[in-house]
Each structure stands twice: as C-alpha cells, then as structure tokens.
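Next come the chains, spelled out residue by residue.
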Amino acid sequence: MTRRVRIAILGAGTAGLTALKEAQRYTDDVLLINHGPYGTTCARVGCMPSKALIEVAHTYARKDWLGTVGIDGTRGLKPDLQIVMAHVRTLRDRFTAGSIQIAQDLGDRSIRGKARFIDANTLEVDGEMIHADAVIIATGTRPIVPDAWRAIGDRLVTSDEVFELVSPGQRLGVVGLGPIGVELAQAFAQLGCEVHGFTKGGQIAGLKDPEVNASLLAALGQQMSISTDVEMSVRADGNGAVIDDGKRSVVVDWVLAAIGRQPNIEGLGLDTLGVELDERGMPAFNPKTLQVGDLPVYIAGDVSGQRPLLHEAADEGRIAAYHALHPEADCLMRRAPLGIVFTEPGAGQAGLSYSELPESGVVVGKIDYSRQGRAVMAGRNAGVLHIYVDAGNARILGAEAVAPDAEHLLHLLAWAIQQEMTVDTMLHLPFYHPTVEEGLRTALQSARRALSKRREQPDLPLCRPAIDWALG
Ligand SMILES: Cc1cc2nc3c(=O)[nH]c(=O)nc-3n(C[C@H](O)[C@H](O)[C@H](O)COP(=O)(O)OP(=O)(O)OC[C@H]3O[C@@H](n4cnc5c(N)ncnc54)[C@H](O)[C@@H]3O)c2cc1C
Ligand SMILES: NC(=O)c1ccc[n+]([C@@H]2O[C@H](COP(=O)([O-])OP(=O)(O)OC[C@H]3O[C@@H](n4cnc5c(N)ncnc54)[C@H](O)[C@@H]3O)[C@@H](O)[C@H]2O)c1
C-alpha cells in the first residue's frame, strides 16, 4: 500500500525541522524521514558543542592577561580536559533534546530510514512506498576525509567525533583551517594542548581580505604553529601520527581533519528525477525558490551548498516549504550575508566579502583594533575591521573583520547593509563611550575620508524627520 502525503521532508536537521514548522502553518499532512542520528548537526556535533568548548577555552585563556594586571595566582590555574569535555557533552545533550522531541511528537508522521526517489513524487523507504505532492531534500553534509588518512585509525578525528573524546591527547594536528579548523584549533591551544595547524591556500577562517586574514594569522600564530599554502601527508608512526607538509614534519597524538564537508545525497536516487546532475551528483535548482527544475522537489540547508550556516539552513527550510505549498508565490528575499567565526579575536564577514566586491568604485574604511581604547583596556587589542563602501553613493556594501567582539560588530554591519544604509546614515547613530563599537565609527569616518567627502554638518541628522531624540 502507498502512503499519500502533502509534503515529505528528508532530514530532521535544522532545515528539515524548520521546513516542518513552516509547512505545519498550513497543513498537518507532513511526513518527516530521517536517516542517521536525530538532534541536528548544529546541536549535536556543530555550532553548540563547539561554542560550549570555545567559551571555556576563551575564558580560561584570560588568565594570562589577568596575571599581567595584578591578579595573583591565575598562572597556577590548570584545565582538566576530561571535565571540560564532559561539560561540553552535558550541554550538547541539553541542546539536542528539543529537536529529538519534535521528531518523536510527530508519531507515525516521523519515520527513520533512508529514502530513495522512484520518481519526483514517489519515495521508497525500507520497502514502504510514499506518494508526496512535494518533497524537500534537507539531508545536510558530512566531513570530507581522504581515504589515505584513515590509515592512522582512531587518531583521525573529525568534528563528528571530537566532542566524544574523553581525554584528548596533548599534541594535536589540525588539517584545514576553515571556520571549523580555526575555532577548534584555538580552543585546544588555549586549553593547553600543543597545536599545529596546516591548510591549503593562504586564507584561514573563510576570510578573503588579505590584511584581515593576516591579522588573524598573526593572532593565532601566538598560540599554535601554522603552515599555509601546503599539501600534506598524514601517516601513522609508533608514537602517534605524522603530518608532513614537505617543509616540516610534526608528530601528534591525534589529527583533526577539517578540510570541508560534502552533501549527503548518495542513494537518494536523484538520477531518477530526469534532470541533469552536476559532477557531484547534484541537480540544478532555482537559488531563490530552491525548486529543482519544474519538479515538486526542493533542496534546503547545507546540502544545497549555498550558505552552509545555521540561520541560512533555517531560512532555506522556510523558503522550500513555502514554495512547495505555494508554487505560484513570489520569491522571498534572502537576508544580508553574515558569517561569524568564534575565535578570539573573532572573525567574519557581513554583506559582500572582499572577493565579491566590484573591481572598481569601492573605498575601504579601516580601524586597527591594536590601538582602540576599549580593546586596549580589555587586553583584547588585536585585529582590523574593513568596511567596503560604494564610492558613488556611499552605501555600505560589506565588511570583513578580525576584532574583539566581532560577532556584535558584524551583526550591526549586516543590519545596516540590509537597511541599505550609507556611511553618513550610520554615523548619525549613537556610539557609546568607551566601547569597541567606537572602532566601527572610526572605520566609517575613515571611509568618509577615502570618499573625499567634506562634512557639511555635524554628524547628527537634521530635525526634519519627525523625531528628535535629543529632545525626547
Ligand atoms: C563543528 C561545526 C561548527 C559549526 N558552527 C556553526 C556556527 O557557529 N554557526 C553557524 O551558523 N553554523 C555553524 N555550523 C554549520 C551548521 O551546523 C549547519 O549550517 C547546519 O547544521 C545545517 O543544517 P541542515 O539542516 O542543513 O543539516 P543537518 O542538521 O546536518 O541535518 C541533516 C539531517 O539529514 C539526515 N540525513 C542524512 N542523510 C539522509 C538521507 N539520505 N535521508 C534522510 N535523512 C538524511 C541527517 O541525519 C540529519 O539529521 C557548524 C557546523 C559544524 C560541523
Ligand atoms: N562559526 C561558524 O559560523 C562556523 C563554524 C564552523 C563551521 N561553519 C560552517 O561549516 C562549513 C564547513 O567548514 P569547514 O571549516 O569544515 O570547511 P571549509 O570548506 O570552510 O574550510 C576547509 C579548509 O580546509 C582547507 N583544505 C581543503 N583541503 C585541504 C587539504 N587536503 N589539506 C589541507 N587543507 C585543506 C581549505 O583550503 C579550507 O581553508 C563552513 O563553510 C561554514 O559555513 C561555520
């Protein structure tokens, strides 16, 4: 017998569960099909456990600075990695509970198994046939691990296993310094491990602006050894694992492979959809509606490869469910891009990144956080913030940053970019003293100088717009 449903969602991660919630605004006739562990990548092995570890590591690392400003005894503090890792798992279990519950509460509208397309409307899951008016593929991604590296056995760890380590070894090699690599490398270095980082290419943490990238390399270089632009081999050795990049060779207890992620699409039967597949086996889809050709099939979340971040996976789940139920609806706007890497100093981008800027007609406003007042007081004075501005109309196009509290600065910039603000309209906003946000004002003022724009009035809005807060 064939089960008939309005929407089938493949994957109980963030994109799938958000699609479920969006679909439930209109119908209960939804079926959730998940293959693999429940609890979502973000809560189980991603954003949440990594940030729980980073929070402890960053806070502990403050001991060195405290020791220099008159607080006695902080250098004697020692981390107990076993307890730290157990704490991370306790928080992880708390964060996964909600999404596990959502799937359970669906009863027989939630099934465990691997779905395979028979055609665009028909799925087979462990022998059960399902006819769905629309299908949302939200199956996420998994870490890439070169086969040759598997020869080192248990010493090879990815972000899928790292939070399960009960007592991580002291010598760590991190291969791949994208967002995952740099966050975890720094956390273990701050917690007292000897860390060696290796990466292809010269850029780390997804940064594209050479000066911004250099400032993160300089900051991290004080805590670990880093080799960029290298091709390395990984092999077993009596004492551990050897990572060799041709110029240097290090022996470590374990290797964290963080060289990127690949979509979970094997066995889905996408070849039965009758549309062209790319070299990875992915069908082309409309980036706005997420629809595959004119089929009732949508692709949402990391598997789409568009913006592999939590809030974007959630938005793609919403978009896919909305269009699956309203195929004729206008497309929805995406939010301004925002990516944050939780190192100390923090790093990331808002709006257009350096590599996406037009070749001409852009000026750059800059602040060097090594001299910024509040950052100096806090002993967190490292990094630079670059703001990219349209030279024609002074609109803020994007920003890249390595800065203390970069997560907050980049939020402000992403919000300003989405609101289509200019350098002047941002400078009309209040900046409290003394804060790291004043550095943002310095960068905006530097952009205005680069625009060769003479200030014609103080940095205050005219009272013509109805409300004058100064009088309020
Ligand atoms: C270590 C790490 C740190 C991160 N930190 C951040 C961060 O700080 N901020 C941020 O914004 N993002 C972060 N991310 C990214 C974020 O976790 C992802 O963008 C998000 O989890 C993607 O959600 P998703 O629903 O697309 O995929 P997932 O949550 O992976 O969901 C996919 C689901 O599909 C299931 N599945 C797989 N194959 C099949 C199949 N064939 N059939 C049915 N079901 C299947 C899986 O079991 C899973 O339940 C991090 C990721 C990692 C790994
Ligand atoms: N804070 C955050 O927002 C956050 C944190 C972690 C992950 N994420 C998301 O997860 C995604 C995956 O992150 P990631 O860091 O695994 O992947 P990534 O693709 O962003 O970075 C992988 C890095 O490994 C390097 N690399 C590739 N092959 C290599 C090899 N053979 N040897 C050495 N280096 C190699 C690449 O040059 C790159 O710098 C990111 O795109 C990001 O969106 C976000």
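Predicted model, so just to flag it, every value in this text is computed and none were measured.

*Asks:* When you look at the overall build of the chain in this model, what are you seeing that I'm missing?
*Replies:* When helices and strands are counted, the chain shows eleven helices and 22 strands. Its C-alpha radius of gyration of 25 Å places the chain within 12% of the 23 Å reference for a compact globule of 472 residues. In terms of principal-axis extent, the alpha carbons of the chain reach across some 70 × 70 × 40 Å. For the chain, the proportion of its 472 residues judged to be buried stands at 49%. Taking all contacts inside the chain whose residues are at least 6 apart in sequence as the whole, residues at least 24 apart take part in 65%. Both charge centroids of the chain, one from 46 positive and one from 57 negative side chains, sit 4 Å from each other.

*Asks:* Please explain the pattern of salt bridges as it appears in this structure.
*Replies:* Opposite charge on two side chains lets them pair, provided their charged atoms get close. Here the structure, examined in full by the defined rule, presents 25 salt bridges. Between Arg-280 and Asp-278 there is a salt bridge, with its nearest N and O atoms 3.1 Å apart. We classify Arg-280 as partly exposed; its relative accessible area is 46%. In this structure Asp-278 comes out as partly exposed when scored by relative accessible area, which is 28%.

*Asks:* Sorry if this is basic, but what is going on with the sheet that holds strand β14 (residues 249-252) here?
*Replies:* On the basis of which strands lie adjacent, the open sheet formed by three strands has the order β12-β13-β14 and antiparallel pairing. Unpaired on one side and paired on the other, β12 (233-237) and β14 mark the two borders of the sheet. Between one strand axis and the next, the sheet turns by 25° as a mean value, whatever way the strands run. Pairing analysis gives four bridges linking strand β13 (residues 240-244) to β14, with the strands arranged antiparallel. Bridge pairing in β14 links Asp-244 to Ser-249.

*Asks:* Where do I start with the site of ligand 1 in this structure?
*Replies:* Near ligand 1 there are 34 residues, and of these Ala-15, His-35, Thr-41, Lys-51 and Asp-302 occur at the shortest range. Taken by itself ligand 1 offers 1,000 Å² of open surface, and the protein chains cover 91% of this. Elements represented by at least two residues in the shell around ligand 1 include exactly α1 (14-24), β2 (30-34), α2 (41-45), α3 (47-68) and α7 (310-325). Looking at side-chain class alone, the shell around ligand 1 contains 15 nonpolar, 15 polar and four charged residues.

*Asks:* Just checking my understanding: could you explain the UniProt feature "binding site: FAD" (unreviewed entry) in the chain for this structure?
*Replies:* Mapped onto this numbering, the UniProt entry annotates "binding site: FAD" (unreviewed entry) at Lys-51 and Asp-302. By the element assignment, Lys-51 lies in helix α3. Given the relative accessible area of 22%, Lys-51 is considered partly exposed. In this structure, Lys-51 is in contact with Glu-183 and Phe-342, ignoring residues within four places of it in sequence. Mapped onto the fold, Asp-302 is located in the loop between β17 (297-299) and α7. Those residues in contact with Asp-302 that lie beyond four places of it in its chain are Gly-140, Thr-141, Arg-307, Pro-308, Leu-309 and Ala-313.

*Asks:* Could you clarify how one ought to interpret the site of ligand 2 in this entry?
*Replies:* Every one of the 20 residues lining ligand 2 counts as a neighbour, but Ile-180, Glu-183, Lys-200, Pro-308 and Ile-340 are closest to it. The separation between an oxygen atom of ligand 2 and a polar main-chain atom of Ile-180 is 3.1 Å. At a separation of 3.2 Å, a nitrogen atom of ligand 2 approaches a polar backbone atom of Lys-200. Alone, ligand 2 offers 850 Å² of accessible surface; in the complex the protein occludes 74% of this. When contributions to the shell around ligand 2 are tallied by element, the ones reaching two or more residues are α5 (179-190) and β18 (338-341). Sort the elements by how many residues they give to the shell around ligand 2 and α5 lands first, with three residues. Among the residues making up the shell around ligand 2, the classes are represented as twelve nonpolar, four polar and four charged.

*Asks:* Explain the state of the cysteines to me, please; I cannot follow it from the model alone.
*Replies:* Disulfides are covalent bonds that connect the sulfur atoms of two cysteines. Overall, the coordinates contain one disulfide when judged by the stated rule. At a sulfur-sulfur separation of 2.3 Å, the disulfide partner of Cys-42 is Cys-47. As the torsion about the S-S bond is roughly -140°, the Cys-42-Cys-47 disulfide counts as left-handed. Under the relative-accessibility criterion, Cys-47 is labelled partly exposed at 25%.

*Asks:* Just to check I follow, could you spell out α3 for this structure?
*Replies:* Quick reminder: α-helices carry 3.6 residues per turn. Residues three or four places apart thus point the same way. Compared with an ideal rise of 1.5 Å per residue, which puts 22 residues at 32 Å, α3 spans 32 Å between its outermost C-alpha atoms and is within 8% of the ideal. Regarding α3, the residues found buried are Pro-49, Ser-50, Ala-52, Leu-53, Ile-54, Ala-57, His-58, Tyr-60 and Lys-63. Where α3 terminates, the next one or two residues include Gly-70, which has phi positive at roughly 100°.

*Asks:* What is the right way to look at the side chain of Asp-209 in this model?
*Replies:* Within the fold, Asp-209 resides in the loop between β10 (194-198) and α6 (210-221). Here Asp-209 sits buried without a salt bridge, and the closest side chain of opposite charge, Lys-366, lies 6.8 Å off (N-O distance). The contacts of Asp-209, once residues within four sequence positions are left out, are Tyr-354, His-386, Tyr-388 and Glu-400.

*Asks:* Looking at this model, I keep getting lost on the confidence of the model for the chain. Mind explaining?
*Replies:* Any region with low pLDDT has predicted coordinates that should not be read closely. In the predicted model, the chain carries a mean pLDDT of 96, and the fraction of residues at 70 or more is 98%. Ignoring residues within four places in sequence, the model shows residues 467-472, a span with pLDDT below 50, making one contact including any to other chains. Both scores are given for the predicted complex: the pTM is 0.97, the ipTM 0.97.

*Asks:* Is there a simple way to think about the UniProt feature "domain: Pyridine nucleotide-disulphide oxidoreductase dimerisation" (unreviewed entry) in the chain in this case?
*Replies:* The UniProt record marks residues 340-443 with the feature "domain: Pyridine nucleotide-disulphide oxidoreductase dimerisation" (unreviewed entry), using the residue numbering of this structure. A helix fraction of 29% and a strand fraction of 29% characterise residues 340-443, whose end C-alpha atoms lie 19 Å from each other.

Conventions used here
- In every chain, residue numbers begin from 1 and rise along the written sequence.
- Whichever chain is written first is A, and whichever ligand is written first is 1; the rest continue in order.
- Owing to the predicted nature of the model, reporting of local features is limited to residues with pLDDT of at least 70; listing and counting of side-chain atom pairs is limited to 80 or more, with chain, interface and lining totals taken over all residues.
- Calculation of side-chain values draws on the structure's entire complement of heavy atoms; hydrogens and water are dropped beforehand.
- A run of H or I in DSSP counts as a helix once it spans at least four residues, and a run of E counts as a strand once it spans at least two, with each numbered from the N terminus.
- Only the C-alpha atoms count toward the radius of gyration. The rule for a globule is 2.2 Å times the residue count to the power 0.38.
- Throughout, exposure labels follow a simple rule: accessible area from a 1.4 Å probe, protein chains only, divided by the maximum for the residue type, with under 20% read as buried, over 50% as exposed, and the rest as partly exposed.
- In this analysis, two residues are considered to be in contact whenever any of their non-hydrogen atoms come within 4.5 Å of each other.
- Only four residue types enter the charge count: Lys and Arg as positive, Asp and Glu as negative, with His and the chain ends excluded.
- Charge positions are represented by NZ for Lys, CZ for Arg, CG for Asp and CD for Glu.
- We count a salt bridge whenever a side-chain nitrogen from Lys or Arg sits within 4 Å of a carboxyl oxygen from Asp or Glu.
- In this analysis, strands are considered paired if DSSP registers two or more bridges between them.
- The axes used here are C-alpha line fits, helices contributing only the stretch in contact, and every angle between their N-to-C directions lies in the interval 0 to 180 degrees.
- It suffices for a single heavy atom of a residue to lie within 4 Å of a molecule or strand for the residue to be listed as near it.
- Only the protein chains shown count as cover for residues, and all accessible areas are computed by the Shrake-Rupley method using a 1.4 Å probe.
- Charged residues are taken to be Asp, Glu, Lys and Arg, nonpolar residues to be Ala, Val, Leu, Ile, Met, Phe, Trp, Tyr, Cys and Pro, and polar residues to be all remaining types, Gly included.
- UniProt positions are given in the numbering used here, feature names are shortened, and annotations may be inferred rather than shown by experiment.
- Here a polar contact means two N or O atoms within 3.5 Å. Within protein one must be a hydrogen donor candidate and the other an acceptor candidate, and residues neighboring in sequence count only if both atoms are side-chain atoms.
- The definition used for a disulfide is geometric: two cysteine sulfur atoms within 2.5 Å.
- Expected helix span is taken as 1.5 Å per residue step, with the number of steps being one fewer than the number of residues.
- Each residue carries a pLDDT score, the predictor's own confidence in it, on a scale running from 0 to 100.

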